[in-house]
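# Notes for the structure review
Chain residues, written in single-letter form:
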Amino acid sequence: MGKSGHFRKAGIAVPQKVYITDLQRLMSGLYVYKAERLIIVGDFTHSHFNKELDLFSKWRRDFSQLHIDLVQGNHDILEEEWYRENAITLHPWQLEIGPFCFRHEDKRHQKVYEQTTAIYTFSGHLHPAYRLRGRGKQSLRFPCYYFRKDSCVLPAFSHFTGGFTVEPAREEMVFAIVENEVMKMG
């Protein structure tokens, strides 16, 4: 939230529609799946406060019954008061729920993390993407879910985010997001 506003403040013309579209997609997902809880694995806010965060606060009031957990990422640098005012529960390193652990960075990349008894970890820092290559050297790149034996790296939610192209090993699975569908790759 707030990334396109951050770029506009820096003089880079990014339309606010990018942000509005993300909020609308989030709202649609909440309605379709009747979600009661939203777990965000970091980089929820992009930078310092800007007007887009006011829009989120208004949106949040409409979804006040939704429980939001945020495992803080490297871009979540707002004052804790802002998160508290918007009823967002902060978790500095990780959140464990039963056999699952939610972290911004997975244990392979995170320098400092708490020990966990969880069996499976979900993370989001890398913003994985899968490159589909054609015979004529053409290629397309799609955000993806990247599943490993003991962890899953989740794609970025926003379309206005870069990505790290993954090269899955034979035992790993990738599910690419192509338009509005999720497709198994490989």
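Please refer to the structure placed before this passage.
My aim in this report is to walk through the structure given alongside it, one point at a time. (Residues numbered from 1 in each chain as written. Predicted model: local features only at pLDDT ≥ 70, side-chain atom pairs only at ≥ 80, totals over all residues. Heavy atoms only, no water.)

### Some points on the overall build of the chain
A count of helical and extended segments in the chain gives four helices and twelve strands. Among the 186 residues that make up the chain, the fraction classed as buried is 39%. Within the chain, contacts between residues separated by at least 24 positions form 60% of all contacts whose residues are at least 6 apart in sequence. (Helix = DSSP H or I, 4+ residues; strand = E, 2+ residues; numbered from the N terminus. Buried < 20%, exposed > 50% of the residue type's maximum accessible area, 1.4 Å probe, protein only. Contact = heavy atoms within 4.5 Å.)

### Quick notes on the nonpolar core
Counting residues in hydrophobic clusters, the biggest one holds 17 residues, and the most contacted among them are Phe44, Phe56, Trp59, Leu66, Ile68, Trp82 and Ile88. Breaking this core down by element, the ones donating at least two residues are α2 (17-33), β1 (37-40), α3 (51-62), β2 (67-71) and α4 (80-85). Excluding residues within four positions of it along the chain, leucine 66 makes contact with Leu30, Ala35, Glu36, Arg37, Leu38, Trp59 and Arg60. Ranked by size, the runner-up nonpolar core spans ten residues in total, among them Phe142, Val166, Val174 and Met185. (Core = buried A, V, L, I, M, F, W, Y, C linked by side-chain atoms within 4.5 Å.)

### Some remarks on the pattern of salt bridges
For the structure shown, the criterion picks out two salt bridges. Between arginine 37 and aspartate 69 there is a salt bridge whose closest N-O contact spans 2.7 Å. A residue pair is termed long-range when its members are at least 10 positions apart, and arginine 37 in strand β1 and aspartate 69 in strand β2 qualify at 32 residues. A relative accessible area of 41% means that arginine 37 is categorised as partly exposed. (Salt bridge = Lys/Arg side-chain N within 4 Å of Asp/Glu carboxyl O.)

### Thoughts on the sheet that holds β1
Strands sit in the order β1-β2-β3 across an open sheet of three strands; the sheet is parallel. Each edge of the open sheet carries a strand with a single partner, namely β1 and β3 (88-91). Here the average twist between neighbouring strands, direction ignored, is 20°. Summarising the sheet, β1 and β2 pair through four bridges and their orientation is parallel. Within the sheet, the bridge partner assigned to arginine 37 lies in β2 and is histidine 67. (Pairing = 2+ DSSP bridges. Axes fitted to C-alpha atoms, helices over the stretch in contact; angles between N-to-C directions.)

### Topic: α3
In this model α3 runs 18 Å from its N-terminal to its C-terminal C-alpha over twelve residues, within 8% of the 16 Å that 1.5 Å per residue would give. All of the buried residues in α3 are Glu52, Leu53, Phe56, Ser57, Trp59 and Arg60. Summarising the axial view, the buried residues of α3 lie within an arc of 165°, below the 170-degree limit, and thus occupy one face. Across α3 from its buried face, at more than 90 degrees, point the exposed residues Lys51, Arg61 and Asp62. (Expected span 1.5 Å × (residues − 1). Arc of directions from axis to C-beta.)

### Observations regarding a negative patch on the surface
Taken together, the side chains of Glu79, Glu80, Glu81 and Glu85 make up a negatively charged region of the molecular surface. Mapped onto the fold, glutamate 85 is located in helix α4. (Patch = residues over 30% accessible without salt bridge, like charges linked within 9 Å, V, L, I, M, F, W, Y side chains within 5 Å. Areas by Shrake-Rupley, 256 points an atom, 1.4 Å probe, with all protein chains shown as cover. Lys, Arg positive; Asp, Glu negative; His and termini not counted. Charge placed at Lys NZ, Arg CZ, Asp CG, Glu CD.)

### What about the side chain of glutamate 172?
Mapped onto the secondary structure, glutamate 172 falls in the loop between β10 (164-165) and β11 (173-178). Classification of glutamate 172 as buried rests on a relative accessible area of 15%. In terms of polar contacts, glutamate 172 uses its side chain to reach the side chain of tyrosine 146, at 2.7 Å. Glutamate 172 has contacts with Tyr146, Phe147, Arg148 and Glu167, leaving out every residue within four places of it along the chain. (Polar contact = N/O pair within 3.5 Å; in protein donor to acceptor, adjacent residues only side chain to side chain.)

### What about the environment of glutamine 138?
Note that glutamine 138 resides in the loop between β7 (128-133) and β8 (139-147). Given a relative accessible area of 47%, glutamine 138 falls into the partly exposed group. Each residue touching glutamine 138, except ones within four places of it in the same chain, is listed here: Leu132 and Arg133. From its side chain, glutamine 138 meets the backbone nitrogen of glycine 136 in a polar contact 2.9 Å long.

### Thoughts on unusual backbone geometry
In this structure, alanine 87 is a non-glycine residue whose phi angle is positive, near 55°. Relative to the helices and strands, alanine 87 is located in the loop between α4 and β3. A positive phi angle, near 65°, is found at lysine 137, a position not held by glycine. Mapped onto the elements, lysine 137 comes out in the loop between β7 and β8. Overall, the relative accessible area of 82% leaves lysine 137 in the exposed class.

Function cannot be inferred from these measures alone, as they are strictly geometric.
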